[in-house]
Amino acid sequence: MAVLIVGGGLAGCSTAFELVSRGQNVVLVESASTIGGKVRRYGCKAADRCLNCGLCLVGDLWNQVESHPQIQLRTETELLDVMGAPGSFSAVVRHADSLDIFDGISHIVVASGFVESSRAAVGAVEYSHQAPGIITGLELEQLMSERRRAALWDGEPPKSVAFLQCFGSRSLRDRAQYCSRVCCSYASRAARVLKHYYPDTRVVFLHMEQQQVEPGSYWQSLEADGIEFVRSRPVTVRVGPPHTVLYERSVDSTIVEESFDMVVFSEGMYPNPDGERLAEVCRLSFSDEGFLKAVRDSSETGVSVVGCAGGPKRIEEVVAEALQTARGICGGVR
Ligand SMILES: Cc1cc2nc3c(=O)[nH]c(=O)nc-3n(C[C@H](O)[C@H](O)[C@H](O)COP(=O)(O)OP(=O)(O)OC[C@H]3O[C@@H](n4cnc5c(N)ncnc54)[C@H](O)[C@@H]3O)c2cc1C
Ligand code: SF4
Ligand code: SF4
């Protein structure tokens, strides 16, 4: 018997590792060429001290999953079909041109994650991926990751940076009326790193709302560090350099035009477009926001949804949910 996991990001790998630690066998199917999902590309956001971004929770997980003898890892592979009933599913998977069948699948865990707003072809303002100095949240994370090896910029650092918050979230037009829950935290932590390394750089947050990131006066402490906050609604970005951001300031509904060397689209999370197909194959349904959800209790259906496949979550929430799911499966499977 084995548990089939679809998706080898943080959610899939955390579930897999907890399951094998409890004596289960796991078949892990990942569509990309490597496991790790988005989180593998993120960087530490410590400035003068740890800023609790959650990344340390991942530890050595990728290596542990890749080398574990009870985990059959299939990369560049997709789940095509599921037959049978809970406790004895058969799963058909495809790798390149060859099909494989895994019999004796006791439970299926769908951990297919999310796509970033910029990849979902939407946006409150036009997003031009090609322009130098205009970057997405994921590219910002990569900057944070690379800074372990080099300075953030090869040449002169930008003199001014605008963070456009809620990019692709919170907009009726963009279909995502929900809050993505992570962009306030990763963007503000990265802003603090920028300000720490380059105190003369002007950093401005253009935001519609602010989520609680840490208990206490978190946002006030960023203001004390010299980061500016303007409650506003972005109208458009004219590509430069310098890049011109037009926004409607909430306090007086005035349209303001300002130039910045760098603009960060703080993107949020959209449902994985492959979700529809996975829902059909794995007999799942959808939340109001379009993320996957189990139709009934997973102990009855034999199928669970873990991580951001089910909606926006932070790293610590994904890890906690994965552990809980694995424990639930072990309780119900002999
Ligand atoms: C820009 C950005 C920055 C963030 N920074 C932070 C942060 O600093 N701290 C924090 O706590 N959280 C952060 N988050 C949230 C964090 O990214 C998520 O909590 C985490 O990635 C969720 O992991 P996951 O495994 O559910 O999804 P994913 O990371 O999306 O992984 C899904 C995996 O499934 C695979 N897959 C997809 N479809 C299929 C399929 N059909 N078949 C097989 N495999 C499939 C994918 O290739 C991928 O490997 C950030 C989010 C964004 C957008
Ligand atoms: S990766 Fe995140 S949690 Fe770990 S030291 Fe850096 S800021 Fe702190
Ligand atoms: S987390 Fe913050 S930036 Fe992201 S959608 Fe919610 S309020 Fe907007």
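Residues numbered from 1 in each chain as written. Chains lettered and ligands numbered in written order. Predicted model: local features only at pLDDT ≥ 70, side-chain atom pairs only at ≥ 80, totals over all residues. Heavy atoms only, no water.

### Some remarks on the pairing of strand 6 (residues 98–110)
The side chains of a regular strand alternate between the sheet's two faces. The test is simple: A strand pair is defined by DSSP finding two or more bridges across the two strands. The secondary structure listing takes helices from DSSP runs of H or I that are at least 4 residues long and strands from runs of E that are at least 2 residues long, numbered from the N terminus.
As paired strands, strand 1 (residues 2–6) and strand 6 are joined by 5 bridges and run parallel to one another. In the strand pairing of strand 6, Ile5 is matched with Val109. Sheet topology places strand 6 next to strand 18 (residues 303–305); 3 bridges connect them, and they run parallel. In the sheet register, Ile108 faces strand 18, and the bridge partner there is Val303.

### Side note on the sheet that holds strand 8 (residues 134–136)
Here is the rule we go by: For helices, the fitted line uses only the C-alpha atoms of the stretch in contact; every axis is such a line through C-alpha atoms, and the angle between N-to-C directions lies from 0 to 180 degrees.
The strand order across the open sheet formed by 7 strands is 8-14-9-10-11-12-13, and the pairing between neighbours is mixed. Across the chains shown, the open sheet's two edge strands, defined by having one partner strand only, are strand 8 and strand 13 (254–260). The mean angle between the axes of side-by-side strands here comes to 35°, regardless of whether they run parallel or antiparallel. Bridge analysis of strand 10 (residues 202–207) against strand 11 (residues 228–238) gives 4 bridges, and the strand direction is parallel.

### Details of the site of ligand 2
Note the threshold: Near is defined per residue: the residue qualifies when any heavy atom it owns lies within 4 Å of the molecule or strand. Amino acids are sorted into nonpolar (Ala, Val, Leu, Ile, Met, Phe, Trp, Tyr, Cys and Pro), charged (Asp, Glu, Lys and Arg) and polar (every other residue, Gly among them).
The local shell around ligand 2 consists of Cys44, Lys45, Ala46, Cys50, Leu51, Asn52, Cys53, Gly54, Leu55 and Cys56. Considering only residue class, the shell around ligand 2 consists of 7 nonpolar, 2 polar and 1 charged.

### Describing the pairing of strand 9 (residues 160–167)
Note the following rule: Accessibility here uses a 1.4 Å probe with only protein chains present; expressed as a share of the type maximum, an area under 20% marks a residue as buried, one over 50% as exposed, and anything in between as partly exposed.
For strand 9, the tally of buried residues reaches 8 of 8 residues, placing the bulk of the element in the interior. Strand direction decides the pairing type here: strand 9 and strand 10, joined by 5 bridges, are parallel. If you follow Val161 over to strand 10, its bridge partner there is Val203. As paired strands, strand 9 and strand 14 (residues 262–267) are joined by 5 bridges and run parallel to one another.

### Let's talk about the domain arrangement of the protein
Rules: Where each domain starts and ends comes from a domain assignment, either automatic or drawn from a database. Note on contacts: a residue pair qualifies if any of its non-hydrogen atoms lie within 4.5 Å across the two residues. Summed over both partners, the accessible surface that disappears when two parts come together, traced with a 1.4 Å probe, is what is meant by buried area. Between Lys or Arg on one side and Asp or Glu on the other, a salt bridge is scored when a side-chain nitrogen of the former is within 4 Å of a carboxyl oxygen of the latter.
Assigned domains within the protein: domain 1 (2–113 + 272–332) and domain 2 (117–268). On a C-alpha basis, the centres of domain 1 and domain 2 stand 31 Å from each other. Across the boundary between the two partners, domain 1 contributes 18 residues, which contact 19 residues of domain 2. By the criterion of area lost to domain 2, the three top residues of domain 1 are Arg41, Lys45 and Pro312, representing 32% of everything that side buries. At the boundary of domain 1 with domain 2, the tally comes to 2 salt bridges. With a closest N to O distance of 3.2 Å, Lys45 and Glu141 form a salt bridge. The class makeup of the residues in the side of domain 1 that touches domain 2 is 8 nonpolar, 2 polar and 8 charged.

### Some remarks on the site of ligand 1
Rules: Nitrogen and oxygen atoms within 3.5 Å of one another constitute a polar contact, given that in protein one can donate a hydrogen and the other can accept it, and given that sequence-neighbouring residues count only through two side-chain atoms. Residue exposure ignores everything except the shown protein chains as possible cover, and the areas themselves are Shrake-Rupley values with a 1.4 Å probe.
Taken together, 35 residues sit near ligand 1, with Glu30, Lys38, Tyr42, Asp274 and Ile315 positioned nearest. The separation between an oxygen atom of ligand 1 and a polar side-chain atom of Tyr42 is 2.7 Å. Interatomic distance of 3.4 Å between a backbone N/O atom of Phe114 and an oxygen atom of ligand 1. Taken by itself ligand 1 offers 1,000 Å² of open surface, and the protein chains cover 95% of this. Every element with two or more residues in the shell around ligand 1 is listed here: helix 1 (10–21), helix 3 (137–146) and helix 8 (315–332).

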